[in-house]
Amino acid sequence: MSVVKIGVIGIGNMGSSHVQMINKGQIKGAELTAVCSSNESRIEWVKTHTKGEVEIFKDVETFFNESGIEAVLIATPHYSHPELAKKAFAKGKHVLIEKPAGVYTKNVLEMNAAAKYCGKVFSIMYNQRANPLYQKVRDLIQSGELGEIKRTNWIVTDSYRPQCYYDSSKWRATWKGEGGGVLLNQALHQLDIWQWTTGLMPKSIRSVTSLGKYHDVEVEDDVTAFVEYENGATGVFIASTGEAPGTNRLEIVGDRGKIVVENEELTFYQLTQSEREFNSSYTGGFGQPECEKMKIPVKSDNANHAIIVQNWIDAIVKNSPLLSPGEDGVKALEISNGIYLSSWLNEWVELPIDADLYHEKLLEKINASTFEKKQVTNTILDVTGTH
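Summarised in this report is the structure supplied together with it. It should be emphasised that the depicted structure is a prediction, and the values quoted were computed from it without experimental measurement.

Remarks on the packing of helix α5 (residues 105-118) against helix α11 (residues 329-345)
Link 1 in the chain: Two numbers describe how α5 lies on α11: the axes approach to 10 Å, and their chain directions differ by 165°. As summarised for this structure, α5 and α11 are arranged roughly antiparallel, according to the angle between their axes. Crossing of α5 over α11 shows left-handed handedness. In this structure, α5 contributes T105, V108, L109 and N112 to the contact, and α11 contributes V330, L333, E334 and N337.

Focus: the packing of helix α8 (residues 188-198) against α11
Axis angle and axis distance: for two packed helices, these are the angle between their axes and the distance between the axes, and together they describe the pair.
Link 1 in the chain: It is the contact of α8 with α11, at a shortest axis distance of 8 Å, that shows an interaxial angle of 110°. Looking at the two axes, α8 sits roughly perpendicular to α11. At the point where α8 passes α11, the crossing takes the right-handed sense. Contact residues: α8 offers L188, L191, D192, W194 and Q195, while α11 offers K331, A332, L333, I335, S336 and I339.
Link 2 in the chain: Of the residues contributing to the contact of α8 with α11, the split by class is 7 nonpolar, 2 polar and 2 charged.

Comments concerning helix α4 (residues 81-90)
Link 1 in the chain: Those residues of α4 not exposed but buried are H81, P82, L84, A85, A88 and F89. Buried residues in α4, looked at end-on, bunch into an arc of 165°, giving them a common side.
Link 2 in the chain: For α4, the elements touching its buried residues are β1 (4-9), α3 (60-66), β4 (71-74), β5 (94-97), α5 and β6 (122-124).
Link 3 in the chain: Immediately beyond the C-terminal end of α4, within one or two residues, lies G92, with a positive phi of roughly 75°.

What counts and how
Residues numbered from 1 in each chain as written. Predicted model: local features only at pLDDT ≥ 70, side-chain atom pairs only at ≥ 80, totals over all residues. Heavy atoms only, no water. Axes fitted to C-alpha atoms, helices over the stretch in contact; angles between N-to-C directions. Helix = DSSP H or I, 4+ residues; strand = E, 2+ residues; numbered from the N terminus. Parallel < 35°, antiparallel > 145°, perpendicular 65-115°, else oblique. Left-handed = near helix turned anticlockwise from the far one by under 90°. Contact = heavy atoms within 4.5 Å. Nonpolar A, V, L, I, M, F, W, Y, C, P; charged D, E, K, R; others polar. Buried < 20%, exposed > 50% of the residue type's maximum accessible area, 1.4 Å probe, protein only. Arc of directions from axis to C-beta.

Encoded structure:
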């Protein structure tokens, strides 16, 4: 396979960006040959913004059966990701999905099982994994330079959104339309990077999620979560779309120092010896391990969607390892579901969560919503949020 025939399903904000990226030849080894959309205005956009032979389909089944594509990029609303991916796997297609993997772990786990059974290349658009800044953080931790992790803190409040953002679409910031708020839209990348860099998944979570604290919305726009890890470490994750000016600060403390990421800069406070060793051997009264402060010159790059797409194509053509395997999508989703569930139950929850219980509680939120289901079905192929 020298050139992979790609189809894009969903021509909203991200879908249209992917269409142009592939159609302009920015991804080596890939050719855009088909799109699927039920929205006439987006169909017209495709006709005027693409070159070459790009077939347009309005029906999902016809798209998969008659387009001749070998791989599909799914950029539809959150709820539809697992079902469309499972359809693609059943048709023998390689899949790249936009984040999140889905809204609840129950059907995402089914999607992952279908991917494993199919054996096709499955990736997810966790583009922050391609950011050199977070790759360096991961290297420092995974190499052992930071030592055993003792504490993690991430404050993510720099995704301010005014009310007009939420008013721009009826499906936005609703349980039926998006399945969540700041956790699922703005902060999911950070939840992924949180577990990806450290290699740790929480074992338990206690949280407070505030519904419509700063906006006229039915989902959460402010979150504080406390987590515990298997090794005894603790962590705090704070996210909000209602603070200005906001903060984006990550701290990871280990046995051999501390990593701080803020203002897209990486600082490593490296101890000359293990804190645990110093603690047990020092006899001078007041004192602490010697520390060297190092500003690590690494350039942060957030505009790296193309890297994930190229990596997916290279995995198909060259069997290259995936930077962001699709099966990993369940990890950040598991954390977000755990945060929601803890808040809804007002108690600690253990991970992995009870997937059936979470789905039950989510359905309660959906059934209590005033959002019209018609809006979801009308936009399923064409809208993906501007995060």
